[in-house]
Amino acid sequence: MHRMVSVKVQLEFRNVQYAVSSGRKLVNGISFQILQGEMLVLLGRSGSGKTTLLKLVNRLLEPTAGEVLVSGRNTHSWDPIQLRRHIGYVIQEVGLFPHFNVARNIGLVPSLEAWPPQKISARIQEMLRLVGLDPDIYGRRYPHELSGGQRQRVGVARALAADPPVLLLDEPFGALDPITRAELQREFRELHRRLGKTMIFVTHDIREAFLLGTRIGLMQEGRLVAIVTPDEFLTLDHDEARAFAGCLQ
Amino acid sequence: MWGARSEILHLTAEHVFLVFVAISIAVAIGVPVGILMTRRPRIGKPILAFANVIQTIPSLALFGFLIPIPYIGGIGTSTAVIALLLYSLLPIIRNTFTGISGVEPAVREAARGMGMTDSQILWQVEIPLSLGVVFAGIRVATVIAVGVATIAAAIGAGGLGMFIFRGTSMLDYRVILAGAIPAALIALAADFGMSALEKHFMRERRS
């Protein structure tokens, strides 16, 4: 359709609302587009609707109004299982399966997708190296034998294993100590540049937003009040933006 | 003496058989019911309440109540199995429900978010992670059933209770012990074996 546009829209929200049964709107009037390869960081206080917005992408929640488009298709017309396997998902608590070793955790989606075993094990090795873990040492370990930072690396490897074009990350580094967090943030930024995946990254940490985001979406009380580049963010004429920018000093 | 020994073996076998059949059926019913309760929370409470009420009926009375009931009741083994089964349901249902509900929410959310279907989450995540708790329920049910099964003799279903009832009426403690000691040993063996299994599964779920 748009031959001249070289980058395609990977994700789109059109006037999306999500209300709980009591009628309270957790997110409301959300419209934006994300191009392929972008990293949109959703920044906001706790309870501002960031996580809700994220879950509307992989249909862990369904919008009560408006539409969400992934790869040009309304999420409603996707089979939810296929949609989720098309989207990597990383959460703060990681959620590794405690009864699976690291290799089996990473190989989960490929094995659900019935890849041939050799391809799965090659992919597991590749993913472990990608996140900086030696496959010979860590592949057979169980999640409880890993540090918090290593667990989150495995979480990222697991989300990337089936090579999804889109990745959703919900405060993935929020529970880590500051040094490990800084280390993972830097490596993750490199990873994003190298892989060129489309990502939505939720955080309440403005430093993290500035370090990682190609754009920052500021959320307040269920609304997306601004969606701008990090440079533009500092010049925003908005109280909440100034409040966050104030944390940078 | 030889006759007594073979009678002890015979009644022990009968006793184990009663418990084994009752527990097997109780697992076959209780585990799916416990799982169903995690899927339909609304039916959970009445089911637990029902199982709780059964548990409060004195065991001798429960055996008595079952005798006049057509089809399932009467004198003999099947009535005893049903009574034992009813007693075993509560711990099995409750532990299955608790075990599955106790799976870390983050693990379940990650599983859904990665595109596992409901049945994949159940079979690959929830059941393996709750096996330790489920086995604890089966172990408790088994140990209780071994004890309660001694009463089965009162309704003509045999088992080690035969010695206990006979010994009581004869006022001969040796005959009572001929029933009580093997019954205690069965309970201990079941407890030991099942808790080994339970530990095995618990070790796997450390997180």
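Residues numbered from 1 in each chain as written. Chains lettered and ligands numbered in written order. Predicted model: local features only at pLDDT ≥ 70, side-chain atom pairs only at ≥ 80, totals over all residues.

## As for the overall build of chain B
Quick reminder of the rule: Counting from the N terminus, the helices are the DSSP runs of H or I reaching at least four residues and the strands are the DSSP runs of E reaching at least two. Residues are called buried when their C-beta atom has 20 or more other C-beta atoms within 10 Å, exposed when it has 12 or fewer, and partly exposed otherwise; all C-beta atoms are positioned from the backbone. By definition, residue pairs are in contact when their C-beta atoms, positioned from the backbone, come within 7 Å.
A tally of helices and strands in chain B yields eight helices and zero strands. Element order for chain B, N to C, with α for helix and β for strand: α-α-α-α-α-α-α-α. Per-residue burial for chain B yields a buried fraction of 40% across its 207 residues. Across chain B, every contact between residues at least 6 apart in sequence was considered, and the portion connecting residues at least 24 apart equals 74%.

## Brief notes about the pairing of strand E4 (residues 65-70) of chain A
All names here are of chain A. Using the following cut-off: Think of it this way: DSSP has to see at least two bridges between two strands before they count as a pair.
Here five bridges tie strand E1 (residues 9-19) to E4, and the two strands are oriented antiparallel to one another. If you follow leucine 11 over to E4, its bridge partner there is valine 70. Across two bridges, E4 lies against strand E5 (residues 73-74) in antiparallel orientation. Across the sheet, the residue bridging to leucine 69 is asparagine 74, located in E5. Once E4 ends, the chain turns through two residues before running back antiparallel as E5, passing serine 71 with a positive phi of about 50°.

## Digging into the pairing of strand E10 (residues 223-228) of chain A
Residues and elements named next belong to chain A. Relative to E10, strand E9 (residues 215-220) runs antiparallel, the two sharing five bridges. Among the inter-strand pairings, methionine 219 is bridged to a residue of E10, identified as leucine 224. As consecutive antiparallel partners, E9 and E10 are separated by two residues, and within that stretch glutamate 221 has a phi angle of approximately 45°, a positive value.

## Side note on the environment of B:Leu48
Looking at where B:Leu48 falls in the secondary structure, it is placed in helix H2 (residues 41-56). C-alpha separation for the pair B:Leu48 and B:Ile93, spaced 45 residues apart in sequence, amounts to 7.8 Å.

## Quick look at the interface of chain B and chain A
Rules: When residues are sorted by character, Ala, Val, Leu, Ile, Met, Phe, Trp, Tyr, Cys and Pro go into the nonpolar class, Asp, Glu, Lys and Arg into the charged class, and all the rest, Gly among them, into the polar class.
If you look at the interface, chain B gives 18 residues, while chain A gives 18 residues. For the side of chain B that touches chain A, the elements supplying multiple residues, two or more each, are helix H5 (105-113), helix H6 (118-148) and helix H8 (173-205) of chain B. For the side of chain B that touches chain A, a count of residues per class yields eight nonpolar, five polar and five charged.

## Digging into the nonpolar core
Residue and element names in this part refer to chain B. Condition: To form a nonpolar core, buried Ala, Val, Leu, Ile, Met, Phe, Trp, Tyr and Cys residues must be joined through C-beta atoms within 7 Å.
Judged by nonpolar contacts, the single largest core of 123 residues is most densely connected at Leu84 and Ala145. Broken down by element, this core gets its largest block of residues, 13 residues, from H6. With near-sequence residues (within four places) excluded, leucine 84 lies in contact with Leu18, Val19, Ala22, Ala145, Val148 and Ala149.

## Side note on the domain arrangement of chain A
Residue and element names in this part refer to chain A. Applied cut-off: Domain segmentation is taken from an automatic or database assignment of domains.
Per the domain assignment, the segments of chain A are domain 1 (1-86 + 167-249) and domain 2 (93-164). Averaged C-alpha coordinates put domain 1 and domain 2 at centres separated by 25 Å. On the domain 2 side, the residues contacting the 10 residues of domain 1 number 12 residues. By residue number, the principal contributor to the side of domain 1 that touches domain 2 is helix H8 (residues 178-195), which donates three residues. Of the residues contributing to the side of domain 1 that touches domain 2, the split by class is six nonpolar, two polar and two charged.

## Side note on the sheet that holds E4(A)
Judged by pairing direction, the sheet is antiparallel, and its four strands sit side by side in the order E2-E1-E4-E5 (chain A) without closing on themselves. In this open sheet, the two strands that pair with only one neighbour each are strand E2 (25-35) and E5 of chain A.

## Focus: the packing of helix H3 (residues 59-66) of chain B against helix H4 (residues 77-101) of chain B
All names here are of chain B. Filter applied, for reference: Angular values range over 0 to 180 degrees, each being the angle between N-to-C directions of two axes fitted as lines to C-alpha atoms, with helices fitted over their stretch in contact. Convention used here: angles under 35 degrees read as roughly parallel, angles over 145 as roughly antiparallel, angles from 65 to 115 as roughly perpendicular, and any remaining angle as oblique. Here a crossing is taken to be left-handed if its near helix is turned anticlockwise relative to the far helix by less than a right angle, and right-handed if that turn runs clockwise.
Between H3 and H4, whose axes approach to 10 Å, the crossing angle comes to 130°. Considering their axes alone, H3 and H4 lie oblique with respect to each other. Remark: the crossing between H3 and H4 carries right-handed chirality. On H4, the residues that touch Ser59, Leu62, Phe63 and Leu66 of H3 are Thr79, Ile82, Ala83, Leu86 and Tyr87. Per-class residue counts for the contact of H3 with H4 are seven nonpolar, two polar and no charged.

## What to know about the sheet that holds E10(A)
Residues and elements named next belong to chain A. Read from one edge of the open sheet, six strands run E6-E7-E8-E3-E9-E10, paired in mixed fashion. If you trace the sheet from one side to the other, it starts and ends with strand E6 (87-91) and E10, each paired once. Adjacent strand axes in the sheet meet at a mean angle of 15° when their direction is disregarded. By the bridge criterion, five bridges tie strand E3 (residues 39-44) to strand E8 (residues 198-203) in an arrangement that is parallel. Considered in E8, the bridge of leucine 43 is made with threonine 203.

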